[in-house]
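Results of the structural survey
Given next are the chains, with one letter for each unit.
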Amino acid sequence: MTFNKVQGGISLFQYVMFISQVQIGVGMMTLPTDLAEVAGTDGWISILLGWIAAIVISLVIVRIMSRQPAETIYDLFFRYLGRGLGACAVLLFILYCLFVFTIAILVKIHITQTWVLPQTPNFFLMLLFMIPILMLVHFGVNILVRYVEFVGLGTIVIIPLFFIAMKGGHLIHLLPVLKEGWLPVFQGVKTTVLSFLGFELAFILYPLLRQKNKAAKGIIIANTITMCMQMLVVITCYIQFNPYQILTYIWPTLDLFETVEFPFVERIEVIFTAFYLFLISTSGIPYLYTAIAGIERLFGDSIREKAMLVLGLGYIVSAFIYNPTFYQVNQMQKWGGNIGMFVAYLFPIAFWLYAGVVDRIRRWDKT
């Protein structure tokens, strides 16, 4: 698979930034409200538990990939499932990646129409976004990793804004802790699933990593960065808004910045939204890249450009005839969370056990 090759491999820092930037993005805007609906102001505890779960599964993925360090998950499908079942598994993984990318691009369009360009048609925004996305994917993982790295470093700029927003809040909104017991907290862990999705792309990144012995350390750091960002966003919103008020907001993270004022700029939330669009792009583009890599693995190098053209035109044409509402996009996000629960959390465990049994049987056959 030539599409997934990069000269010299990627560094540990790029590996960490790639995974954490995929995770930080789509879910961050609605996570405070989504968690408050289930776990109340104890949602921050759900994030800690979701972080532990993400790390455990991430380490399972690293163990799977360490069996054949030079191969991606697509190669492992064929190795362990055979030609027919392997092709079906690759196809399912491609569909999953395209679905997550679709959610990311629709959220991006919806936020742009709501906060920045309300009069701009849906299809025009789709065209505007798809051109640079296809260019990034076209140039392969080398350019994509550098883009994600650049946006990731830029994320540091917005962190002080959250601490400024905390000034007008009240810590008493977080008390009492565990007011409804542990059950809502555990239910809230499922809500964090979508926000931690992205570590499963280690299935593609692992063969590119130069220091494979540090893959486990890198993926733990990536998940920890994501957890810290989610914790900062959620606690800031909980402190700023009271437990009943936060349930009334659709985009609490953006509404948060309406309370922040500077003498040199009035609507800081619009500037934040413009920057946030870059963050969403780092969530969606890697999934499109992974899907294209899977198509190339199935049909060969010659199909890559045609696949990108067909997918790009498909998204633009679909934008002419389908303009989902916020509730429809929100429903897709919930479906994405449920599907991600199987693909990113349950599938690695099942595949790890299956591959272990297959390897053991093959060793017995040789002896």
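The notes below deal with the structure included here. (Residues numbered from 1 in each chain as written. Predicted model: local features only at pLDDT ≥ 70, side-chain atom pairs only at ≥ 80, totals over all residues. Heavy atoms only, no water.)

**Concerning the pattern of salt bridges**
All told, the structure shown has 4 salt bridges when counted by the stated rule. The partner of E71 in a salt bridge is R79, and the shortest N-O contact between them spans 2.5 Å. Look at E71 and you get buried, because its relative accessible area is 17%. R79 gets classed as partly exposed once you look at its relative accessible area, which sits at 35%. Among the ionic pairs, D75 bridges to R297, the shortest N-O distance being 2.6 Å. With D75 in helix α4 (residues 73-116) and R297 in helix α13 (residues 268-299), the pair connects residues that are 222 residues apart, well separated along the chain. (Salt bridge = Lys/Arg side-chain N within 4 Å of Asp/Glu carboxyl O. Buried < 20%, exposed > 50% of the residue type's maximum accessible area, 1.4 Å probe, protein only. Helix = DSSP H or I, 4+ residues; strand = E, 2+ residues; numbered from the N terminus.)

**A look at the packing of aromatic side chains**
Aromatic ring pairs are described here by two measures, namely the spacing of the ring centres and the angle between the planes. In total, this model carries 17 aromatic pairs according to the counting rule given. Ring geometry for F123 versus F320: centroids 4.4 Å apart, planes at 15°, classification stacked. Pair noted here: F123 is in helix α5 (residues 122-138) and F320 is in helix α14 (residues 304-321), with a separation of 197 residues, a long-range link. Classification of F320 by relative accessible area gives exposed; the value is 53%. Three or more aromatic residues link up through ring pairs in this structure, and these residues are Y74, F77, Y80, F93, Y96, F203, Y287, F347 and F351. (Phe/Tyr/Trp six-rings, centres within 6.5 Å; stacked < 30°, edge-to-face > 60°.)

**Side note on a nonpolar patch on the surface**
Taken together, the side chains of F123, F124, L127, L128, I131, M135, F139, I143, F320, I321 and Y322 define a hydrophobic patch exposed on the protein surface, amounting to about 1100 Å² of accessible area. Among the secondary structure elements, those contributing two or more residues to the nonpolar patch are α5 and α14. You can see I143 is positioned in helix α6 (residues 141-155). Under the relative-accessibility criterion, I143 is labelled partly exposed at 34%. (Patch = residues over 30% accessible without salt bridge, like charges linked within 9 Å, V, L, I, M, F, W, Y side chains within 5 Å. Areas by Shrake-Rupley, 256 points an atom, 1.4 Å probe, with all protein chains shown as cover.)

**Some points on the nonpolar core**
Note on soluble globular proteins: their nonpolar side chains tend to be buried together. Core analysis: the largest hydrophobic core is formed by 124 residues, its most contacted members being Y15, I111 and F272. A total of 23 residues in this core trace back to one element, the largest contributor, which is α4. Residues contacting I111, with those up to four places away along its chain left out, are M29, V116, W251, L254, T273, Y276, L277 and I280. (Core = buried A, V, L, I, M, F, W, Y, C linked by side-chain atoms within 4.5 Å. Contact = heavy atoms within 4.5 Å.)

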